[in-house]
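Analysis of the macromolecular model
Letter by letter, the chains look like this.
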Amino acid sequence: MTDQNSYTPPAVWTWESDSGGQFASINRPIAGPTHDKDLPVGTHPMQLYSLATPNGVKATVMLEELLELGHAGAEYDAWLIRIGDGDQFGSGFVEVNPNSKIPALMDRSGETPVRVFESGSILVHLAEKFGAFLPASGQARTEVMNWLFWQMGSAPYLGGGFGHFYAYAPEKWKYPIDRFTMEAKRQLDVLDRELAGKTHIAGDDYSIADIAIWPWYGQLVLGRLYDAAEFLDVTSYANVLRWAEAIDARPAVQRGRMVNRTFGKPELQLHERHDASDFQTRTQDKLEPSAG
Ligand SMILES: N[C@@H](CCC(=O)N[C@@H](CS)C(=O)NCC(=O)O)C(=O)O
């Protein structure tokens, strides 16, 4: 079907930097740094460079959960990367993550610093290092990995597909909204059916699979992403809602959501986290919607 808005691609695509939409200023077709800028380094073993988007929240929730379990080695400095300002294209950040996306972690606990990028890799790295939230072997470990990788493959359709065209694109187009709404709802149904018989997504135990999936799908059904709860009829996914609310109540999750947060109520934003006491000035309830 064609109409007056249809587009005939040229033989070779060229970059029009002002392509419109909320993230037009940072979208580019090339990788690598745009400017020289070293990253700050604090005193703790873990140095996190991030922002409280759903992908960033995975890392801060994991670190806070580890601290909650008493793993002092998970103490961290969380430095703010303002992706809207292009901080992810600074030379220091690109050295830690050549893909220029938050979250990025430097594990400085050993003799040689280890860079860790991709939120899934950060979760596995920390889980293995501290022996927590990931079974050591066997079927239980595989099931956690199944769901962790499910999140990595699925969320781009929710964020880059549904969220982009429903909330961020410069105009509303029915075709992509229909396509990605269908997929977002299918994914919610996958989770809902699984969670019908389980407390957590990979079984009875809370795991890095829940920590990866909750910031996206949990916060979606809690009405914090894209203002889309009614549109997606999230109350029809009762098992996902029950799971999302239970995780939302965890103290480490409430703290993790605040770290590197630059939106919502100012008193709930902890732009940088360098010590557990940094949270004391913050109220831990009634957090506002998340960016996604
Ligand atoms: N697959 C990556 C996705 C990370 C990602 O997309 N991060 C976004 C924020 S949620 C970002 O840094 N965007 C900056 C940009 O695209 O320039 C992960 O899970 O870590």
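Only a predicted model underlies this, so the values are computations on that prediction, with no experimental measurement involved. (Residues numbered from 1 in each chain as written. Predicted model: local features only at pLDDT ≥ 70, side-chain atom pairs only at ≥ 80, totals over all residues.)

1. Things to note about the overall build of the chain
Within the chain one finds eight helices and four strands. For the chain, the α and β elements follow one another from N to C terminus as β-α-β-α-β-β-α-α-α-α-α-α. In terms of overall dimensions, the chain is globule-like: its C-alpha atoms have a radius of gyration of 19 Å, near the 19 Å expected for 292 residues. Seen through its principal axes, the chain has C-alpha atoms that stretch 60 × 50 × 40 Å. Per-residue burial for the chain yields a buried fraction of 39% across its 292 residues. Considering only residue pairs separated by 6 or more positions, the chain has 66% of its internal contacts joining residues 24 or more positions apart. (Helix = DSSP H or I, 4+ residues; strand = E, 2+ residues; numbered from the N terminus. Rg over C-alpha atoms; globule rule 2.2 N^0.38 Å. Buried ≥ 20, exposed ≤ 12 C-beta atoms within 10 Å, placed from the backbone. Contact = placed C-beta atoms within 7 Å.)

2. Considering the pairing of strand S4 (residues 114–117)
Across four bridges, the pairing between strand S3 (residues 104–107) and S4 is antiparallel. Bridging from a neighbouring strand, Leu105 pairs with Val116 of S4. (Pairing = 2+ DSSP bridges.)

3. A short note on the UniProt feature "domain: GST N-terminal" (unreviewed entry) in the chain
The residues that UniProt annotates with the feature "domain: GST N-terminal" (unreviewed entry) are residues 47–134. With 38% helix and 19% strand, residues 47–134 has its two end C-alpha atoms placed 22 Å apart. (UniProt positions renumbered as here; feature names shortened; annotations may be inferred.)

4. Remarks on helix H4 (residues 138–168)
Relative to the 45 Å expected for 31 residues at 1.5 Å per residue, H4 spans 42 Å between its end C-alpha atoms, a close match to the ideal helical length. Along its length, H4 shows its largest kink, about 35°, at Ser154, and proline Pro156 lies within four residues downstream of that point. (Expected span 1.5 Å × (residues − 1). Bend = angle between axes of the 7 residues up to and from the residue.)

5. Comments concerning the packing of helix H5 (residues 174–195) against helix H7 (residues 238–248)
Each pair of packed helices gets described by two things: the angle between the helix axes and the distance between those axes. At a minimum axis separation of 7 Å, H5 and H7 run at an interaxial angle of 75°. Taken together, the axes of H5 and H7 are roughly perpendicular relative to one another. Of the residues in H7, those in contact with Leu188, Leu191, Asp192 and Leu195 of H5 are Asn239, Val240 and Trp243. For the contact of H5 with H7, the per-class residue count stands at five nonpolar, one polar and one charged. (Axes fitted to C-alpha atoms, helices over the stretch in contact; angles between N-to-C directions. Parallel < 35°, antiparallel > 145°, perpendicular 65-115°, else oblique. Nonpolar A, V, L, I, M, F, W, Y, C, P; charged D, E, K, R; others polar.)

6. Describing the environment of Leu134
You can see Leu134 is positioned in the loop between helix H3 (119–130) and H4. Distance in space between the C-alpha atoms of Leu134 and Ser207 is 5.9 Å, their sequence separation being 73 residues. Setting aside residues up to four positions removed in sequence, Leu134 forms contacts with Val124, Ala127, Glu128, Arg141, Val144, Ser207 and Ile208.

7. Some points on the site of the ligand
What surrounds the ligand is the set Ile26, Thr53, Asn55, Ile83, Gln88, Ser100, Lys101, Ile102, Glu118, Ser119 and Gly120. When its residues are assigned to classes, the shell around the ligand shows three nonpolar, six polar and two charged. (Near = placed C-beta within 6 Å.)

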